[in-house]
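Read off the chains here:
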Amino acid sequence: MIKKILIALCFLSSITCSGHGTSVLFSNENKPIYESSLCVPGDPLPQMVLIPFFEEASQIVPNCKTYPKYMTALAMMVFYHKWEEYFGDSDYAVRGMLQKVMIQWGTTKKTSKRGFNIHGEAFTERVIIGRVEAKNIIWVWQGYNHKISQSALMHELVHLALYAKNGSPDADHEGSKYKGWTFAHSLMIDDAKDMLRAFNL
Ligand SMILES: [Zn+2]
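Rules and cut-offs
- Residues numbered from 1 in each chain as written.
- Predicted model: local features only at pLDDT ≥ 70, side-chain atom pairs only at ≥ 80, totals over all residues.
- Helix = DSSP H or I, 4+ residues; strand = E, 2+ residues; numbered from the N terminus.
- Expected span 1.5 Å × (residues − 1).
- Buried ≥ 20, exposed ≤ 12 C-beta atoms within 10 Å, placed from the backbone.
- Arc of directions from axis to C-beta.
- Contact = placed C-beta atoms within 7 Å.
- Pairing = 2+ DSSP bridges.
- Axes fitted to C-alpha atoms, helices over the stretch in contact; angles between N-to-C directions.

## Structural notes on helix α6 (residues 183-198)
Logical step 1: Counted at 1.5 Å a residue, the expected span for α6 with its 16 residues is 22 Å, and the 23 Å between its end C-alpha atoms agrees.
Logical step 2: Every buried residue of α6 is accounted for by H185, M188, I189, A192, K193, M195 and L196. Looking down the long axis of α6, one finds its buried residues gathered within 160 degrees of arc, a one-sided arrangement. Residues of α6 that are exposed and angled more than 90 degrees away from the buried face: F183, A184, L187, D190, D194 and A198.
Logical step 3: Looking at the buried side of α6, the elements it contacts are α3 (69-87) and α5 (153-166).
Logical step 4: With its phi angle positive at about 60 degrees, N200 sits one or two positions after the end of α6.

Next up, the structure:
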């Protein structure tokens, strides 16, 4: 199934899948390691699972349904495909970030003491659905209707991509306090989410 989806991704996109240039397809050289890295029902939770195709990338799952690793891997490929399309990645900074990202999935939303909305307006004490925890670590609530496309995964990955590119995650989004995030980044997220929905993610 995943193979078919990947082939479809190649045809759908104008990127090369031959290994030349920046391909959305990551190699799966560590396949034996990924195959043995599974969420084990009955074992204590949360559990850490390696994400196939992305070298050292991992996810911390609160249960074995949130989310199967192949779903997260596909979502990350969709993210990279869209990032490439919008912004390019000539120095591979975003690719490198994806290869060591840790995604901590949550089943409940959190409250943040302070932050910024998408327009750069500051808020205090607000319910949040995602957060940058460190340079390569994000916490993401599982999403409405248990869909990755309805979660903040694409949004938080944009923060980490900007962190990798510019040294700052740009906490105020489209606001002018921090540099990096533009309207195009917000558009890219919508576009990526549409593509996730096309794969029923
Ligand atoms: Zn944000």
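From this point on, the discussion continues.
## So, the sheet that holds strand β3 (residues 102-106)
Logical step 1: In spatial order, the strands read β1-β2-β3-β7-β6; together these five strands make up an open sheet with mixed pairing. With partners counted over all chains shown, the strands left at the sheet margins are β1 (47-50) and β6 (130-134), one partner each. Here the average twist between neighbouring strands, direction ignored, is 25 degrees.
Logical step 2: Here five bridges tie β3 to strand β7 (residues 137-141), and the two strands are oriented parallel to one another.

## Section: the pairing of strand β5 (residues 122-128)
Logical step 1: Little of β5 is tucked away: zero of the seven residues are buried.
Logical step 2: Sheet topology places strand β4 (residues 110-116) next to β5; six bridges connect them, and they run antiparallel. Bridged to R114 within β5 is T124.
Logical step 3: A loop of five residues connects β4 with β5, the two strands running antiparallel in sequence, and G120 in this loop sits at a positive phi of about 95 degrees.

## Re α5
Logical step 1: For α5, which comprises 14 residues, the first-to-last C-alpha distance of 20 Å matches the rise-based estimate of 20 Å (1.5 Å per residue) to within 8%.
Logical step 2: For α5, the buried fraction is high: 12 of the 14 residues fall into the buried class.
Logical step 3: All buried positions along α5 are accounted for by L153, M154, H155, E156, L157, V158, H159, L160, A161, L162, Y163 and A164.
Logical step 4: Next to the buried residues of α5 lie α3, α4 (93-98), β6, β7 and α6.

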